[in-house]
Amino acid sequence: MKKYKSYIYLLLGGVFLFTFNSCQKQLNEVIPQDQISTALALTDANAAQTLYSGVYARFRAYNNTFFALGEMRSEIWTDGLYTESGDGGYQQLYDQNISALNAPYGNWASFYALIYQINNVISVFPKTPLPVAQRTKELAEMYGLRAYIYYTMLKTWGAVPLVTQPIQHITNAAETYKPRTSADSVMLQVKSDIEQSLTLFNGDNSFPSGNRVTWNRVATLTLKGDVYLWSGTLMGGGNADLTTAKTALQEVENLQGNTLNLDANYADIFDPNKKANNPEIIFALSYELNQATQGTFSEFTVNSIQATTLSFAQASSPTVSSVYPYVGGANRVGMNQAMITKLTSGPADQRIANTFKVMYSTSAPYDVRGVMLIKWIGSTSGTTQVSNNDFPIYRYADVLLLMAEAKAKLGEDPSAEINLIRQRAYGNAYTPYISGSADDNMEAILEEELREFIGEGQRWWALRRAGDKWVYHYIDPQYLSAATVNSGHGPTLELPITISMLNSYPLLTQTKGY
């Protein structure tokens, strides 16, 4: 196989060569190759399209990172009830066992590999032979994706190195050194990329026909609402930013109809057989049988042997194996009894019923043994359970709860959006929410958010975006509290970087508080 010029990737913690693999069927039509050179992309439309498709293939590989960063420091998953030994990586996050000597992620969680690919497409595409309309739309997607990645990094570490141009040649190691850019400057770049994305989409709010697995203008508008809520609440933007968020989200709400709506049946959002033109999905990571399937949630299920000894009722049956005969994996992450009770008490909620199932011993007194996350259980292929659910990054429920949050923070009534979420969850017998104090409204939103997005990498970010006091309101103070954060003797709300990074790259400084 012919080799083309290798790209050099700046990881801000190591330079490496990346072998390009794409999952797109269209890649079978291009010249066989495992690395695409800039020169080839400038003259070959197929090669240029391979660069673009490769971004989505690599973006999908960060599923576990997006999930863990966005959820595992929240109160959902805890040292609690699970059937096997705990997962050390997840446990470190939910126990808040984080310090300068115990940083969960090195090399910025490898995000710069993805950023480099996006930067490369942004740099190369204007000069490629692709049709103008196609490359303009795909550039709009790249700016939206880059904004999403930098926003995720900002939420995780605060200040991070800002790299917006691909590096083609490195003559000495010092060229890989780059200091952290202030969080304010990173946020300005995120907002700039959002506006560039909106400009390039040029008012086109259409979704791709079929599965919604490419970024689109509605995703950019939803991201804009998310971002401006964060900066308005946590970065001094105040009501001006909150109003900007509300305006962007209102534009999305105005699109509500046949192509954008809540699925009446919550399970349909995640059903592998109902992906095509699903009206609730705005943008999702693509997983298909014989292409790529999810591996993130195998530790939230149960192994096949234990499946015969556990029941989904406080009785000897139905056993887990009778309901899911081909299930595999482990059960290394669980909920504590208080969380199980909170989520399963009260009126029947179709979100909970279609998100996890409580597992009991098959013999009296039928003790609770743990929970099994079924949201991503997927489908069966022969005698194999296949996790081929798409993984939503944004869906219409996000828009409604983000809008409710914007209204609550602006002192307005968020009940319309809250009640749309409640009505879908509980049916026509739902209890309508009536607007109360600012704190009452915010707590009502966070309670719906908790139930709506379990397993979707949302909860930690929702608590953070709501404001620090809500983090401390929901997280067990033995793990994280305002006192420990302010004392400098415990983890902060942001993550540290590793000692290895500090030793290897002299321009880097440690995250504040560590």
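What you see is a predicted model; the values in this text were computed from it and never measured. (Residues numbered from 1 in each chain as written. Predicted model: local features only at pLDDT ≥ 70, side-chain atom pairs only at ≥ 80, totals over all residues. Heavy atoms only, no water.)

A. Fine view of the pattern of salt bridges. Enumeration over the complete set of coordinates arrives at 30 salt bridges. Salt-bridge contacts for Arg451 lead to Glu447; the nearest nitrogen and oxygen are separated by 2.8 Å. Taken together, the positions of Arg451 and Glu447, both in helix 15 (residues 438-452) and four residues apart, correspond to about one turn of that helix. By relative accessible area, which is 12% here, Arg451 ends up buried. Residue Glu447 is classed as buried on the basis of its relative accessible area, which comes to 17%. (Salt bridge = Lys/Arg side-chain N within 4 Å of Asp/Glu carboxyl O. Helix = DSSP H or I, 4+ residues; strand = E, 2+ residues; numbered from the N terminus. Buried < 20%, exposed > 50% of the residue type's maximum accessible area, 1.4 Å probe, protein only.)

B. Representation of the pairing of strand 9 (residues 391-395) in the model. With five of five residues buried, strand 9 is to be regarded as a mostly interior element. Taken together, the four bridges between strand 3 (residues 281-285) and strand 9 define a ladder with antiparallel strand orientation. Opposite Phe283, over in strand 9, you have Tyr394 as the bridge partner. (Pairing = 2+ DSSP bridges.)

C. Just helix 11 (residues 337-344), in detail. All of the buried residues in helix 11 are Met339, Ile340 and Leu343. Here the buried residues of helix 11 occupy an arc of 100 degrees about the axis, which is enough to place them on one side. In this structure, the buried side of helix 11 is in contact with helix 12 (350-353), strand 5 (356-361), strand 6 (368-373) and helix 15. In the stretch just after helix 11, Gly346 is the one whose phi turns positive, near 85 degrees. (Arc of directions from axis to C-beta. Contact = heavy atoms within 4.5 Å.)

D. Up close: the packing of aromatic side chains. Following the criterion strictly, the structure yields 30 aromatic pairs and no others. Taken together, a centroid distance of 6.0 Å and an interplanar angle of 65 degrees make the contact between Phe59 and Phe283 edge-to-face. A residue pair is termed long-range when its members are at least 10 positions apart, and Phe59 in helix 2 (residues 45-60) and Phe283 in strand 3 qualify at 224 residues. An identical accessibility class is assigned to Phe59 and Phe283; each is buried. For the ring pair Trp215 and Phe283, a centre distance of 5.2 Å and an interplane angle of 65 degrees mean the geometry is edge-to-face. Here Trp215, found in the loop between helix 7 (183-201) and helix 8 (217-234), pairs with Phe283, found in strand 3; they are 68 residues apart in sequence, far enough to count as distant. An aromatic cluster is present here, built from Tyr52, Tyr56, Phe59, Tyr62, Phe66, Phe111, Phe125, Tyr148, Trp215, Phe283 and Tyr394 joined pairwise through their rings. The aromatic ring of Tyr287 is capped on one face by Arg60, whose charged end is 5.8 Å from the ring centroid. A cation sits over an aromatic face here: Arg459 above Tyr474, 4.7 Å from the ring centre. (Phe/Tyr/Trp six-rings, centres within 6.5 Å; stacked < 30°, edge-to-face > 60°. Lys NZ or Arg CZ within 6 Å of the ring centre and 35° of its normal.)

E. Representation of the sheet that holds strand 6. Read across the open sheet, the three strands follow the order 4-5-6; overall the sheet is antiparallel. With partners counted over all chains shown, the strands left at the sheet margins are strand 4 (310-311) and strand 6, one partner each. Against the sheet, helix 11 makes contact with strand 5 and strand 6, and its axis sits at roughly 125 degrees relative to strand 5, the strand it touches most. (Axes fitted to C-alpha atoms, helices over the stretch in contact; angles between N-to-C directions.)

F. Representation of the environment of Gly70 in the model. Within the secondary structure, Gly70 sits in helix 3 (residues 63-71). Spatially, the C-alpha atom of Gly70 lies 31 Å from that of Asn202, the residues being 132 residues apart in sequence. If sequence neighbours within four positions are ignored, Gly70 has contacts with Gly457, Gln458, Arg459, Trp460 and Trp461.

G. Inspection of the nonpolar core at higher detail. Ranked by size, the top nonpolar core spans 138 residues in total, and within it Met72, Trp77, Tyr150, Met153, Trp157, Trp215 and Met335 carry the most contacts. Per-element accounting of this core gives the leading share, 13 residues, to helix 6 (residues 132-157). Once you skip the residues sitting within four places of it in the chain, Trp215 turns out to touch Tyr56, Glu141, Gly144, Leu145, Tyr148, Ser197, Phe201, Thr220, Leu223, Phe283 and Tyr394. If you look at the next biggest cluster of nonpolar residues, it comprises 11 residues, including Ala307, Val327, Met359 and Ile374. (Core = buried A, V, L, I, M, F, W, Y, C linked by side-chain atoms within 4.5 Å.)

H. Fine view of unusual backbone geometry. The step from Ser317 to Pro318 runs through a cis peptide bond, and the omega angle for that step is 5 degrees. Cis geometry marks the peptide bond from Ala364 to Pro365; its omega dihedral reads 10 degrees. By the secondary structure assignment, Pro365 is in the loop between strand 5 and strand 6. The phi dihedral of Ser110 is positive, around 65 degrees, even though this residue is not glycine. By secondary structure assignment, the location of Ser110 is in the loop between helix 4 (88-94) and helix 5 (111-124).

I. Examining the packing of helix 8 against helix 9 (residues 238-253) more closely. In the contact formed by helix 8 and helix 9, the axes pass within 8 Å of each other and the chain directions differ by 160 degrees. As judged from the angle between their axes, helix 8 and helix 9 are roughly antiparallel. Crossing hand, helix 8 versus helix 9: left-handed. For the pair helix 8 and helix 9, contact is made by Arg217, Val218, Leu221, Thr222, Lys224, Gly225, Tyr228, Leu229, Ser231, Gly232 and Thr233 and by Gly238, Asp241, Leu242, Thr244, Ala245, Ala248, Leu249, Glu251 and Val252, respectively. When grouped by side-chain class, the residues that make up the contact of helix 8 with helix 9 number nine nonpolar, seven polar and four charged. (Parallel < 35°, antiparallel > 145°, perpendicular 65-115°, else oblique. Left-handed = near helix turned anticlockwise from the far one by under 90°. Nonpolar A, V, L, I, M, F, W, Y, C, P; charged D, E, K, R; others polar.)

J. Structural context of the environment of Asn205. Its location among the elements puts Asn205 in the loop between helix 7 and helix 8. Linking Asn205 and Leu255, residues 50 residues apart in sequence, is a C-alpha distance of 8.6 Å. Polar side-chain contacts of Asn205 include one of 2.7 Å to the side chain of Arg217. (Polar contact = N/O pair within 3.5 Å; in protein donor to acceptor, adjacent residues only side chain to side chain.)

K. Region of the structure containing the pairing of strand 6. Sheet analysis places strand 5 next to strand 6, joined by five bridges and oriented antiparallel. From the neighbouring strand, Tyr360 faces strand 6, where its bridge partner is Val368. Following strand 5, the chain reverses through six residues before pairing antiparallel with strand 6; Tyr366 in that reversal takes a positive phi of roughly 55 degrees.

L. Expanded view of the side chain of Glu71. Note on placement: Glu71 falls in helix 3. No salt bridge is formed by the buried Glu71, whose closest oppositely charged neighbour, Lys375, lies at an N-O distance of 7.4 Å. Those residues in contact with Glu71, other than ones at most four positions away along the chain, are Ile76, Trp77, Phe453, Ile454, Gly455, Glu456, Gly457, Gln458, Arg459 and Trp460. (Lys, Arg positive; Asp, Glu negative; His and termini not counted.)

M. Region of interest: helix 6. End to end, helix 6 covers 37 Å across 26 residues, agreeing with the expected 38 Å (1.5 Å per residue, within 8%). In the stretch just after helix 6, Gly158 is the one whose phi turns positive, near 80 degrees. (Expected span 1.5 Å × (residues − 1).)

N. Focus on the environment of Leu139. By the secondary structure assignment, Leu139 is in helix 6. C-alpha separation for the pair Leu139 and Phe201, spaced 62 residues apart in sequence, amounts to 8.8 Å. Ignoring anything within four residues of it in the chain, the contact list for Leu139 reads Val121, Ile122, Phe125, Pro126 and Leu200.

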